[in-house]
Amino acid sequence: MIVYAECSFFIPEVATLKEKRAVLNRMRDRVKNSYNVSVAEIDHQDLWQRTTFALVSVASSKDAAEREVQRAIRLFESNPDWEMTACTIDFL
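Please read all numbers here as calculations on a predicted model, not as lab measurements.

### Here we look at a nonpolar patch on the surface
A contiguous nonpolar patch, built from I2, V58 and L92 and spanning about 280 Å² of accessible area, is present on the exposed surface. Mapping V58 onto the fold places it in strand β3 (residues 50–58).

### Structural notes on the pairing of strand β2 (residues 38–43)
As paired strands, β2 and β3 are joined by five bridges and run antiparallel to one another. Across the sheet, V39 pairs through a bridge with L55, a residue of β3. The hairpin turn running from β2 into β3, its antiparallel successor, is six residues long, and H44 in that turn takes a positive phi close to 65°.

### With respect to the packing of helix α1 (residues 17–34) against helix α2 (residues 62–77)
Contact geometry of α1 with α2 gives a least axis separation of 10 Å together with a crossing angle of 150°. Taken together, α1 and α2 sit at an angle that is classed as roughly antiparallel. By crossing handedness, the relation of α1 to α2 is classed as right-handed. Side by side, α1 and α2 meet where M27, R30, V31 and S34 of the first sit next to A72, L75 and F76 of the second.

### Quick look at the packing of aromatic side chains
For the structure shown, the criterion picks out six aromatic pairs. Here the aromatic rings of F9 and F53 are separated by 6.4 Å at their centres, their planes lie at 70°, and the arrangement is edge-to-face. Of this pair, F9 sits in strand β1 (residues 2–10) while F53 sits in strand β3, and the two are 44 residues apart along the sequence. In this structure, F9 and F53 share a single accessibility class: buried. Grouping aromatic residues by their ring pairs yields a cluster made of F9, F53, F76 and W82.

Cut-off values and rules
- Residues numbered from 1 in each chain as written.
- Predicted model: local features only at pLDDT ≥ 70, side-chain atom pairs only at ≥ 80, totals over all residues.
- Heavy atoms only, no water.
- Patch = residues over 30% accessible without salt bridge, like charges linked within 9 Å, V, L, I, M, F, W, Y side chains within 5 Å.
- Areas by Shrake-Rupley, 256 points an atom, 1.4 Å probe, with all protein chains shown as cover.
- Salt bridge = Lys/Arg side-chain N within 4 Å of Asp/Glu carboxyl O.
- Helix = DSSP H or I, 4+ residues; strand = E, 2+ residues; numbered from the N terminus.
- Pairing = 2+ DSSP bridges.
- Axes fitted to C-alpha atoms, helices over the stretch in contact; angles between N-to-C directions.
- Parallel < 35°, antiparallel > 145°, perpendicular 65-115°, else oblique.
- Left-handed = near helix turned anticlockwise from the far one by under 90°.
- Contact = heavy atoms within 4.5 Å.
- Phe/Tyr/Trp six-rings, centres within 6.5 Å; stacked < 30°, edge-to-face > 60°.
- Buried < 20%, exposed > 50% of the residue type's maximum accessible area, 1.4 Å probe, protein only.

Right, dumping it as structure tokens:
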């Protein structure tokens, strides 16, 4: 089973793309090291206060894949540097 999620965030405290990258890299690395998911920034690369991440998990069961994606999303949500504006989950 493959579970795919897209999550968009608003990052109010950053003023440059360099600051944005620092926040994104820190969180992306934490998620990749903690959970069995792949993570990539897929939209808003040129905007300094917005981003959209794609998360993908592949597992033998739907529950296992969904659990990993949900845990990664919760970790993203726990970051005080940004606010989640949207998140969708699809099952493939």
